[in-house]
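Fold and contact review
One letter stands for each residue in the lines below.
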Amino acid sequence: MPPTPLTRRSLLTAAGLVPLLSACGGGSSGSTGRSGNGIKLATTQIMQFDPYLTNSALHVHAFYTYLIDYAADDDYTPVPAGAEKWEFASDHRSVTITLRQAAFHSGTPVTAKDVVAGVERALDKEAAFTLAQPSAFIKSATPVDERTVRLDFTEPTPEGLVHYWMFAFPLVPAASNDPKQLETKPAGSGPYRMASFSKDRSLVLERNPGYWERGKPHLDRIEVRFFNDEDSVVAALESGDVDGVAYTELRNADRLRDRFSLVEGGGRMDLFFMNGARPPFDNKKLRQAVARAIDRERIIKQVRFGMGEPVYTAFMPSSPAFDRSYLDSHGFDLDAAAALLRASGAPLTATAGIGTEPAARDIIQIIQADLKKIGFDLRIQPREQTAFLDALFAGELDCAVAAQPNNLQSPSLISRGRQMLPNDDNVMMRGVVPDAYVAAVKAARTAIEPEEQKAAYAALNKVLVDEAWAIGIATRPSLFALDKRVTGLRTDPRDSVVLTDIRLSG
């Protein structure tokens, strides 16, 4: 039975939000909070606007057009977007891209020189951030004419990896493509422009009348309101002050599903990382033992409220490298774990680091309880989230649960995370990154033909399972809850919100 509805005032007072929302003020129109053909969304995500440093997936597709889209969140067929067409060289050493005739929000046309400037930034490791590793195959970018650019590669490169780069590459005016400038001033050609932004309060998007996709977006205005915690976000939705909540915690699903429309996005994956560069997990058999003691079904049921799918290595079920058979051959088996533990001869204790994310703590506690049954003492050391991340990236933790993004159709991108790098910068393996892993990543990155790719992905899975420092647990879907009159919200394979198809009825 749904909980008894509370009044808007009581909810906001309980959440400590009355002063904040009063200060936010303008735009509210009655109990639904709607204003004309627009909606209001609530989130706890932090906002900044540099698409090379996306820490929020809610707004990036509002401001920016990317070279291509994918057909659906589980269909990696490339679809023209900022690029009208593209043609690969027969030797797989270059691609020639023709841009769609379009304009940035400023009114200036999108040109090949903007792409060249963007590639130059993407190849600068200090300025490229999340685009650095996916762009590593590019040798140079050359304008052919006003709307055509040619990319030359460092070596023969599979089309899927280039498609991923095109999917991740935002069109930004060359004159504005600067991290400091983009941090607060978005400059794209996407479906919405920024009307106003008040840090920690609200972001207002207005329809871009010059957007290249005819008839879209459907809404004139979207207001995003920022909240400090999940309870406040849900209270704002239940009170009718906003029309939807974005990226809300899965624990809210049962509370909201009878009164609101729930939309599930692809999300990310949880992995259990063990530090192979320091005792006790410098012992491979110990890592393999712990890998067999991870009860994915119980974690999905108790921590993710039945949402998500089990994974074994760092590939989502939609990835061409996903191999479900490992869930059977190497899945949860405490007898097998105990045998490997005895064979390891390793110390019977380790310490897991956790931050303030409740789900990571709950996952660790389930693993801790099962390890205890076979005589292994996994201790837990809580830290503030920033201190936890600092320790994780400094390679100072024995083990931890952390999220990994979807590697889409390019399995070699598994190596872009700091726990998965194929070199000494890998924070979990440092100077002992297995040669077989380095070779497998390279093979996955350069395999051109389907059979060659199939073999490369199998080899990559095999070395990951054998070395066992990064054990997949399960996907962690993203969750949205919307007023039932709001339709059309979806996410792309990167779990970013696509805003162009959202409609408001009634």
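Structure: above.
None of the values given here were measured: they were computed from a predicted structure.

Quick look at the pairing of strand E14 (residues 377-382) now. Direction of pairing for strand E13 (residues 349-354) relative to E14: parallel, over a ladder of six bridges. Along E14, the bridge assignment pairs Ala-352 with Ile-380. What joins E13 to E14 is helix H14 (residues 358-373), and the crossover it makes is right-handed.

Time to look at the packing of aromatic side chains. Counting across every chain of the model gives 15 aromatic pairs. Considering the side-chain rings of Phe-137 and Phe-153, the 5.2 Å spacing of their centres and the 70 degrees angle between planes classify their relative orientation as edge-to-face. Taken as a pair, Phe-137 in the loop between helix H5 (125-128) and strand E6 (138-145) and Phe-153 in strand E7 (residues 148-153) lie far apart in primary sequence, 16 residues in all. Pair check on accessibility: Phe-137 and Phe-153 agree, each one buried. Measuring from ring centre to ring centre gives 4.9 Å for Tyr-437 and Trp-469, while their planes differ by 90 degrees; the resulting arrangement is edge-to-face. One end of the pair, Tyr-437, is in helix H16 (residues 435-446); the other, Trp-469, is in the loop between helix H17 (450-467) and strand E16 (470-482), and 32 residues separate them in sequence. With respect to class, Tyr-437 is no different from Trp-469; both count as buried.

Below, the discussion takes up the pattern of salt bridges. Going through the model one piece at a time under the given rule, you end up with 28 salt bridges. Glu-467 is paired through a salt bridge with Lys-284; the nearest N and O atoms lie 3.8 Å apart. Placement of the pair is Glu-467 in helix H17 and Lys-284 in helix H10 (residues 284-291), with a sequence separation of 183 residues. Taking the relative accessible area as the measure of exposure, Glu-467 reaches 14% and is therefore buried. For Arg-361, the salt bridge is made with Asp-362, and the minimal N-O distance between the two is 3.2 Å. A relative accessible area of 36% means that Arg-361 is categorised as partly exposed. Residue Asp-362 is classed as partly exposed on the basis of its relative accessible area of 26%. Linked by salt bridges that have partners in common, Glu-213, Lys-216, Arg-490 and Asp-501 make up one network.

What counts as what
Residues numbered from 1 in each chain as written. Predicted model: local features only at pLDDT ≥ 70, side-chain atom pairs only at ≥ 80, totals over all residues. Heavy atoms only, no water. Pairing = 2+ DSSP bridges. Helix = DSSP H or I, 4+ residues; strand = E, 2+ residues; numbered from the N terminus. Right-handed = clockwise from strand over helix to strand, strands pointing away. Phe/Tyr/Trp six-rings, centres within 6.5 Å; stacked < 30°, edge-to-face > 60°. Buried < 20%, exposed > 50% of the residue type's maximum accessible area, 1.4 Å probe, protein only. Salt bridge = Lys/Arg side-chain N within 4 Å of Asp/Glu carboxyl O.

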